[in-house]
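Residues per chain are reported as follows:
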Amino acid sequence: MMNCNSCGAPLKDADPVCPSCGTATSGVSQPKPMASGVTSGLSEYYQNEFQKIRDSNEQYKGKWNWTACLLGPIWAFPKGLREIVVVYVLAILFTFGISVLAYAIIFGLRGNYFYYSKLMKGRVLII
Ligand SMILES: [Zn+2]
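Residues numbered from 1 in each chain as written. Predicted model: local features only at pLDDT ≥ 70, side-chain atom pairs only at ≥ 80, totals over all residues.

1. Let's talk about the overall build of the protein chain
Link 1 in the chain: Each helix and strand in the protein chain was counted, giving 6 helices and 2 strands.
Link 2 in the chain: Going from N to C terminus, the protein chain has its helices and strands arranged as β-β-α-α-α-α-α-α.
Link 3 in the chain: Taking 14 Å as the expected radius of gyration for a compact globule of 127 residues, we find that the protein chain reaches 17 Å, considerably beyond that expectation.
Link 4 in the chain: Summarising its shape, the C-alpha atoms of the protein chain cover approximately 60 × 25 × 20 Å along the three principal directions.
Link 5 in the chain: Residue burial in the protein chain is summarised as follows: out of 127 residues, 19% are buried. (Helix = DSSP H or I, 4+ residues; strand = E, 2+ residues; numbered from the N terminus. Rg over C-alpha atoms; globule rule 2.2 N^0.38 Å. Buried ≥ 20, exposed ≤ 12 C-beta atoms within 10 Å, placed from the backbone.)

So, in structure tokens, the structure goes:
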């Protein structure tokens, strides 16, 4: 009997993907390395953060990121998080700047997870 490397659910040998979480079961016995092609250019900070997010099955969403909090869109744009930059700018226009504080908190809290989601899963999060 094997267990899913990602969520720990029991697997049948015939299952190509985990019935519980959908992770591919090939190589279930070994720990999964990070997708090194994607993360090799990252600083150690983000490599560590992304590893922790992944290892926790995304229960851990990354630690508070002061750089993202203080720089906001300036932090996000070079990382390819363009959608949230657009939302940030629009929100400022429509709320006359009130959203700046809200978005500083969102970037601080969620910035690392935005980045993880975009880089590792190609999924864009804006909040
Ligand atoms: Zn699973």
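2. Some remarks on the packing of helix α5 (residues 82-95) against helix α6 (residues 99-121)
Link 1 in the chain: It is at 11 Å that the axes of α5 and α6 come closest, and there the two elements cross at 165°. If you check the angle between α5 and α6, you find them roughly antiparallel. As for the relative orientation of α5 and α6, their crossing is right-handed in sense. In contact with Ile84, Tyr88, Ala91, Ile92 and Thr95 of α5, α6 contributes Ser99, Val100, Tyr103 and Phe114. (Axes fitted to C-alpha atoms, helices over the stretch in contact; angles between N-to-C directions. Parallel < 35°, antiparallel > 145°, perpendicular 65-115°, else oblique. Left-handed = near helix turned anticlockwise from the far one by under 90°. Contact = placed C-beta atoms within 7 Å.)

3. Some words on helix α2 (residues 44-55)
Residues spaced three or four apart along an α-helix face the same direction, because each turn holds 3.6 residues.
Link 1 in the chain: Over its 12 residues, α2 extends 16 Å from the first C-alpha to the last, a length consistent with the 16 Å expected when each residue adds 1.5 Å.
Link 2 in the chain: Turning to α2, its buried residues are Glu49, Phe50 and Ile53. Each buried residue of α2 sits inside an arc of 95° when the element is viewed along its axis, so together they form one side. Across from the buried face of α2, at angles greater than 90 degrees, the exposed residues are Glu44 and Asn48.
Link 3 in the chain: Asparagine 57 sits one or two residues past α2 and shows a positive phi near 60°. (Expected span 1.5 Å × (residues − 1). Arc of directions from axis to C-beta.)

4. Focus: unusual backbone geometry
Link 1 in the chain: Phi at asparagine 57 takes a positive value of approximately 60°, unusual for a residue other than glycine.
Link 2 in the chain: Structurally, the position occupied by asparagine 57 is in the loop between α2 and α3 (66-71).

5. Focus on α6
Link 1 in the chain: With 23 residues, α6 extends only 27 Å from end C-alpha to end C-alpha; this falls clearly short of the ideal 33 Å at 1.5 Å per step.
Link 2 in the chain: The largest bend in α6 is about 65°, located at arginine 110.
Link 3 in the chain: Along α6, the residues classified as buried are Tyr103, Ile106, Phe107, Arg110, Gly111, Asn112, Phe114, Tyr115 and Tyr116.
Link 4 in the chain: Packing partners of the buried residues in α6 comprise α2, α3, α4 (73-76) and α5.
Link 5 in the chain: Positive phi shows up at glycine 122, right after α6, with a value of about 65°. (Bend = angle between axes of the 7 residues up to and from the residue.)

6. Side note on the environment of serine 99
Link 1 in the chain: With respect to the secondary-structure elements, serine 99 resides in helix α6.
Link 2 in the chain: Discounting residues that sit within four places of it in the chain, serine 99 has contacts with Ala91 and Ile92.

7. Comments concerning the nonpolar core
Link 1 in the chain: Within the largest apolar cluster, 13 residues are counted, with the highest numbers of intra-cluster contacts made by Leu81, Ile84, Tyr103, Phe107, Phe114, Tyr115 and Tyr116.
Link 2 in the chain: A total of 6 residues in this core trace back to one element, the largest contributor, which is α6.
Link 3 in the chain: Not counting residues up to four positions away in its chain, the partners in contact with tyrosine 116 are Phe50, Ile53 and Gly62. (Core = buried A, V, L, I, M, F, W, Y, C linked by C-beta atoms within 7 Å.)

8. As for the domain arrangement of the protein chain
Link 1 in the chain: Each assigned domain of the protein chain is listed here: domain 1 (1-32) and domain 2 (34-121).
Link 2 in the chain: Put simply, the middle of domain 1 and the middle of domain 2, counted by C-alpha atoms, are 29 Å apart. (Domains from an automatic or database assignment.)

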